[in-house]
Amino acid sequence: MTAKVTLSFSDETIEEARRFAKREGLSLSAWMDQAAREKALREVFTAHADAVNRAGLDLEAAAVADAREVAMVDDVLFGGRPRAA
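From a predicted model like this one, the values you see are computed outputs, not experimental measurements.

Rules used throughout
- Residues numbered from 1 in each chain as written.
- Predicted model: local features only at pLDDT ≥ 70, side-chain atom pairs only at ≥ 80, totals over all residues.
- Heavy atoms only, no water.
- Helix = DSSP H or I, 4+ residues; strand = E, 2+ residues; numbered from the N terminus.
- Rg over C-alpha atoms; globule rule 2.2 N^0.38 Å.
- Buried < 20%, exposed > 50% of the residue type's maximum accessible area, 1.4 Å probe, protein only.
- Lys, Arg positive; Asp, Glu negative; His and termini not counted.
- Charge placed at Lys NZ, Arg CZ, Asp CG, Glu CD.
- 1 Å grid on protein atoms, 1.4 Å probe; cavity = no way out; pocket = protein on both sides within 12 Å on 5 of 7 lines; lining within 4 Å.
- Points joined across faces, edges and corners; volume = space filled by probe spheres on them.
- Nonpolar A, V, L, I, M, F, W, Y, C, P; charged D, E, K, R; others polar.

Quick look at the overall build of the chain
Part 1: Each helix and strand counted, the chain has three helices and zero strands in total.
Part 2: Along the chain, from the amino end to the carboxyl end, the secondary structure elements read α-α-α.
Part 3: The C-alpha atoms of the chain give 23 Å as radius of gyration, which overshoots the globular expectation for 85 residues (12 Å, by more than 25%).
Part 4: Taken along the three principal axes of its C-alpha coordinates, the chain extends 60 × 35 × 30 Å.
Part 5: Counting across all 85 residues of the chain, residues that qualify as buried make up 6%.
Part 6: Charge centroids of the chain, computed over 12 positive and 15 negative side chains, lie 6 Å from each other.

With respect to the layout of surface pockets
Part 1: Taken as a whole, the largest pocket encloses approximately 370 Å³ of empty space.
Part 2: Around the largest pocket, the lining residues are Thr2, Ala3, Lys4, Val5, Leu7, Phe9, Ile14, Leu28, Ser29, Ala30, Met32 and Asp33.
Part 3: Take the lining of the largest pocket: its biggest share by element is five residues, from helix H2 (residues 28–54).
Part 4: Among the residues making up the lining of the largest pocket, the classes are represented as eight nonpolar, two polar and two charged.

So, in structure tokens, the structure goes:
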């Protein structure tokens, strides 16, 4: 579903948006929709990252530890040979 809205932009902003839309082969509306969606997702992900940091969770360290554990199990099971995908 699509909603029609009236928005106002500075001349500089709308010209840049038109240029970017043309470069990407999109209509101005499609480009603005994509830009707004990306901005909204960045806000959500930033808020999530902030909450994770406030909770004292270190997801990067956990991911590295998980990768090490997978490598150790692979080494035991496959003797360093690549496993089948």
